[in-house]
Amino acid sequence: QVQLVESGGGLVQAGGSLGLSCAASGRTFNPYIMGWFRQAPGKGRDFVASIRWNDGSTDYADSVKGRFTISRDNAKNTMYLQMNSLKPEDTAVYYCAVKSGYYSGYNYWGQGTQVTVSS
């Protein structure tokens, strides 16, 4: 079993920055990919960014490219999301997730952390 705990959410003005962390624990933690997703009120959960755990290869949604940076610290089993130039439309609950293998979906999820960007 894998446990994921997000932290770092909060309230920020448009144009500001915020950093999120996702700390993973569990005897079976050995991710293929870790990712960030977000869910705005009344909308579905959308992909934000992902990072391949072994080589750090990254992928981003078009809406956040150039503004958000995903990274990880393998020694600390922690993933990060640095969010810059935030916009009101970035307001959402942000979730981290683990994709255990190449053929699996994201099968472990954190509880989410709220990010609110005021205009």
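Every chain begins its residue count from 1, and numbering advances along the sequence as written. Two thresholds apply to this predicted model, a pLDDT of at least 70 for residue-level local features and 80 or more for giving and counting side-chain atom pairs, whereas whole-chain, interface and lining totals are computed over all residues. Processing note: side-chain calculations cover all non-hydrogen atoms of the structure and skip hydrogens and water entirely.

## Considering the nonpolar core
How we decide: The criterion is simple. A nonpolar core is a set of buried Ala, Val, Leu, Ile, Met, Phe, Trp, Tyr and Cys residues joined through side-chain atoms within 4.5 Å. Summary of the burial criterion: residues with accessible area below 20% of their type's maximum are buried, those above 50% are exposed, and those between are partly exposed, where the area comes from a 1.4 Å probe applied to protein chains only. Numbered from the N terminus, helices here are DSSP runs of H or I no shorter than four residues, and strands are runs of E no shorter than two. In this analysis, two residues are considered to be in contact whenever any of their non-hydrogen atoms come within 4.5 Å of each other.
Core analysis: the biggest nonpolar cluster contains 30 residues, and Leu4, Met34, Trp36, Met79, Leu81, Met83 and Tyr94 have the highest contact counts within it. Elements represented by at least two residues in this core include exactly strand S3 (18-25), strand S4 (33-39), strand S5 (45-52), strand S7 (68-73), strand S8 (78-83), strand S9 (92-99) and strand S11 (113-118). When near neighbours in sequence (up to four residues on either side) are disregarded, Leu81 contacts Leu18, Gly19, Leu20, Trp36, Val48, Ala49, Phe68, Thr69, Ile70 and Tyr94.

## A word on the packing of aromatic side chains
Here the distance between the centres and the angle between the planes together describe a pair of aromatic rings. Heads up, the rule is: Any Phe, Tyr or Trp ring, taking Trp's six-membered ring, that has another such ring centre within 6.5 Å forms a pair; planes under 30 degrees apart are called stacked, those over 60 apart edge-to-face, and the others tilted. Here, over-ring charges are defined by two tests on the NZ atom of lysine or the CZ atom of arginine: distance to the ring centre within 6 Å, and angle to the ring normal within 35 degrees.
Scanning the entire structure with this criterion turns up 7 aromatic pairs. When the ring of Tyr32 is compared with that of Tyr102, the centres are 5.9 Å apart and the planes differ by 65°; the resulting orientation is edge-to-face. With Tyr32 in the loop between S3 and S4 and Tyr102 in the loop between S9 and strand S10 (106-109), this residue pair connects regions lying 70 residues apart in the sequence. Residue classification places Tyr32 among the partly exposed residues on the basis of a relative accessible area of 23%. For the ring pair Tyr106 and Trp109, a centre distance of 6.2 Å and an interplane angle of 50° mean the geometry is tilted. Residue Tyr106 is classed as partly exposed on the basis of its relative accessible area of 23%. A relative accessible area of 34% places Trp109 in the partly exposed class. Members of the aromatic cluster, each reached through a chain of ring pairs, are Phe37, Phe47, Tyr106 and Trp109. Here the guanidinium or amino end of Arg45 rests over the ring plane of Tyr95, the centre of that ring lying 3.8 Å away.

## Observations concerning the side chain of Arg67
Inclusion rule: Definition of a polar contact: a pair of N or O atoms within 3.5 Å, with one able to donate and the other able to accept a hydrogen when the atoms are protein atoms, and with sequence-neighbouring residues admitted only if both atoms are side-chain atoms.
Turning to its location among the elements, Arg67 is positioned in the loop between strand S6 (58-60) and S7. Classification of Arg67 by relative accessible area gives buried; the value is 10%. Within the structure, the side chain of Arg67 is placed 2.7 Å from the side chain of Asp90, a separation counted as a polar contact. Setting aside its immediate chain neighbours within four residues, Arg67 contacts Gln82, Met83, Asn84, Ser85, Leu86, Lys87 and Asp90.

## A word on the pairing of S3
Basically, it comes down to this: Paired strands, as defined in this entry, are two strands with at least two bridges between them according to DSSP.
The two faces of S3 differ: Leu18, Leu20, Cys22 and Ala24 on one face are buried, but Gly19, Ser21, Ala23 and Ser25 on the other face are not. Pairing geometry for strand S1 (residues 3-7) and S3, over 5 bridges, is antiparallel. Bridge pairing in S3 places Glu6 opposite Cys22. Of the pairings in the sheet, the one linking S3 to S8 comprises 6 bridges and is antiparallel in character. By the bridge assignment for S8, Leu18 is matched with Met83.

## Considerations on the state of the cysteines
To keep it simple, the criterion reads: The disulfide definition used here is simple: a pair of cysteine sulfur atoms within 2.5 Å.
Counted under the stated rule, the structure contains 1 disulfide. Between the sulfur of Cys22 and that of Cys96 lies a disulfide, 2.1 Å long from S to S. Around the S-S axis, the bridge from Cys22 to Cys96 shows a dihedral of about 60° and counts as right-handed. With Cys22 in strand S3 and Cys96 in strand S9, this pair connects stretches of sequence that are 74 residues apart. Among the residues examined, Cys22 registers a relative accessible area of 0% and is labelled buried. Accessibility expressed as a relative area gives 0% for Cys96, which makes it buried.

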